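Below, each chain spelled out in residue letters.
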Amino acid sequence: MSQLPLRAQLASALGRTAATLSRATGRGDGSVIGGRVGLMLEPDLLRKLAADRKLVLVSATNGKTTTTRLITSALQELGDVATNAFGANMPAGHVSALAAAKDAPYGVLEVDEKYLPEVLDTTGAGIVCLMNLSRDQMDRAGEIWLLAQKWRRALSGKPAHVIANCDDPLVTWGASTAARVTWVAAGQRWREDSWCCPECGGPLDRSASGAAWACRECTFHRPEPNWVLDGEDVVDPRGARWRLDIQLPGEANRSNAAMALAVAETFWVDPARALPRLRLVTSVAGRYTMVERDGRALRLLLAKNPAGWLEAFDVADPALPIILSVNAQGPDGRDTSWLWDIDYRILADRPVLVTGERRLDLALRLTVAGVPFQLCDSFQQATALVPPGRVDVIANYTAFQQIRAEFGRAV
């Protein structure tokens, strides 16, 4: 690492102090306020902190935090890694992460989809990992085709090596202008946002078995993958098959692990070295954590949008009661109409309890779906109404953070 200019050193030090005070006073984990303070004193601090580091930027609608954690774990095989482990994925969070590990030669940064062009331009990151794009926070981020177009423009002319999920047509289109792309067939369970060709607007043919897709009206089609997720295994570019056997549950996390392995190999960390480190990850910023309350063992699952709820249902145990909590604060998106894009009928045969600031919106959706439920004024009341034993909890972003706070932000 090169020596920071004096102004940047001061800004970085004061930012770390602000972050420490935030944690000490219980106001937060300090991952945003520290960066804001640093950027106020030195607006170009992110560029200076990123200089001479080998950086990975990770962006997607779902799975950014988990994949960032998995890649970080793999790269720790090489040395210290700076990362925004708690999901502060805008420039202030990136500054805090890099300043907190100022001597780390490697960095893995989760990046909000909308901010990816800005952060790539500022940091000059050498590796970009792109996983999926689907509807999310439309009142803030806008139409996802516009996000894919921003990615295309940002990557065009840049030397960055992109690791991209070729099973997602929007990601493929967004990544296809990059100088170099490693394609990963990582799967795409939620397809409701990618039935039309982003190149010409024509229909995509997705009727064939498997993940192959192609436009019926132009030449846009799924690239040949270098890496393939095949059930519980990943097949690398040499044809070798690797059993994932990770502790994080569900198909979505196997997809995240496949992307992480492909990224790790760009640093010459092969699966034989990376996989043992991926298997050490058991929870990510509270996701999949088990917490105890009055004889109930609660497993916390995060779902922020229709694609995320589909993955959460895949992980949830159908034999257990389930608590659903939905808010609509700024980080969630104010519009809850996305609830109508989710098929809740899968919950019909288990006890369902509904809470959160927008519990009435969710209650109406469940009523229309024919799913019986109990409406609760608070998470505490919902917990008390389920019998002792194991319980699954699915919450969107701010509801999830409120629940975490009740248990001391368990990780």
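Just above sits the structure.
The rules we used
- Every residue gets a number counted from 1 within its own chain, in the order that chain's sequence is written.
- Only residues with pLDDT of 70 or above have their local features reported here, since the model is predicted, and side-chain atom pairs are shown and tallied only from 80 upward, although totals for entire chains, interfaces and linings are computed over all residues.
- Excluded from the side-chain calculations are hydrogens and water; all other atoms, namely the structure's heavy atoms, are used.
- Summary of the burial criterion: residues with accessible area below 20% of their type's maximum are buried, those above 50% are exposed, and those between are partly exposed, where the area comes from a 1.4 Å probe applied to protein chains only.
- Helix and strand labels come from DSSP, where a helix needs a run of H or I of at least four residues and a strand needs a run of E of at least two; each type is numbered from the N terminus.
- A pair of strands counts as paired when DSSP detects no fewer than two bridges linking them.
- Axis definition: a line fitted to C-alpha atoms, limited for helices to the stretch in contact. Angles are taken between N-to-C directions and run from 0 to 180 degrees.
- The criterion used for residue contact is that any of the two residues' heavy atoms lie within 4.5 Å.
- For Phe, Tyr and Trp, where Trp contributes only its six-membered ring, two rings pair if their centres lie within 6.5 Å, and the inter-plane angle classes them as stacked under 30 degrees, edge-to-face over 60, or tilted in between.
- Side-chain atoms within 4.5 Å link the members of a nonpolar core, which is a set of buried Ala, Val, Leu, Ile, Met, Phe, Trp, Tyr and Cys residues.

Trainee: Hey, could you go over the pairing of strand S17 (residues 389-395) for me, with residue numbers and the actual values?
Mentor: Burial analysis of S17 places five of its seven residues in the buried class, which makes it a mostly covered element. In the sheet, strand S13 (residues 296-302) pairs with S17 via seven bridges, with the strands oriented parallel. Directly across from Leu298, in S17, lies its bridge partner Val391. The pairing of strand S14 (residues 322-325) with S17 spans four bridges and is parallel. Each bridged residue has a counterpart across the sheet, and for Leu324 the counterpart in S17 is Ile394.

Trainee: Hey, could you go over the sheet that holds strand S2 (residues 81-83) for me, with residue numbers and the actual values?
Mentor: Two orientations exist for strands paired in a sheet by backbone hydrogen bonds: parallel and antiparallel. A sheet is described by the order of its strands in space; here nine strands give the open sequence S2-S3-S1-S4-S5-S6-S9-S10-S11, paired in mixed fashion. Bordering the open sheet on either side are S2 and strand S11 (241-243), each of which pairs with just one other strand. Each strand of the sheet is rotated relative to its neighbour by a mean of 20°, with strand direction disregarded. In this sheet, strand S10 (residues 233-235) lies alongside strand S9 (residues 227-230) in antiparallel orientation, the contact comprising three bridges. Counterpart to Val228 in the pairing with S10 is Val235. Each of strand S1 (54-59), S2 and strand S3 (106-110) touches helix H5 (residues 91-100); the most contacted strand, S3, lies at about 155° to it. Sheet contacts for helix H10 (residues 251-266): S1, strand S4 (127-130), strand S5 (161-165), strand S6 (180-185), S9 and S10; angle to S5, the most-contacted strand, approximately 160°.

Trainee: Outline the packing of aromatic side chains, listing residues and values.
Mentor: Scanning all chains against the criterion turns up six aromatic pairs. Measuring from ring centre to ring centre gives 5.0 Å for Trp213 and Phe220, while their planes differ by 45°; the resulting arrangement is tilted. Taken as a pair, Trp213 and Phe220 share a single burial class, namely buried. For the ring pair Phe313 and Tyr344, a centre distance of 5.9 Å and an interplane angle of 70° mean the geometry is edge-to-face. With Phe313 in helix H12 (residues 306-315) and Tyr344 in the loop between S14 and strand S15 (352-355), the pair connects residues that are 31 residues apart, well separated along the chain. Tyr344 matches Phe313 in its accessibility class, with the two residues each being buried. One aromatic cluster in this structure is built from Trp309, Phe313, Trp338 and Tyr344.

Trainee: Please give an account of the pairing of strand S12 (residues 290-293) that cites residues and values.
Mentor: On S12, burial follows the alternation: Val291 and Arg293 on one face are buried, whereas Met290 and Glu292 on the facing-out side are not. The sheet contact formed by S12 and S13 spans four bridges and is antiparallel. Note on S13: the bridge partner recorded for Met290 is Arg299. As consecutive antiparallel partners, S12 and S13 are separated by two residues, and within that stretch Asp294 has a phi angle of approximately 50°, a positive value.

Trainee: Outline the nonpolar core, supporting the account with residue identities and numerical values.
Mentor: Core analysis: the largest hydrophobic core is formed by 61 residues, its most contacted members being Val56, Ile71, Trp309, Leu324, Tyr344 and Ile394. The leading source of residues in this core is H10, at eight residues. Discounting chain neighbours no more than four positions away, the residues touching Trp309 are Ala303, Lys304, Leu324, Val326, Trp338, Ile342, Tyr344 and Ile394. Counting 46 residues, the second largest nonpolar core, distinct from the first, contains Leu116, Cys166, Ala178 and Ala185.

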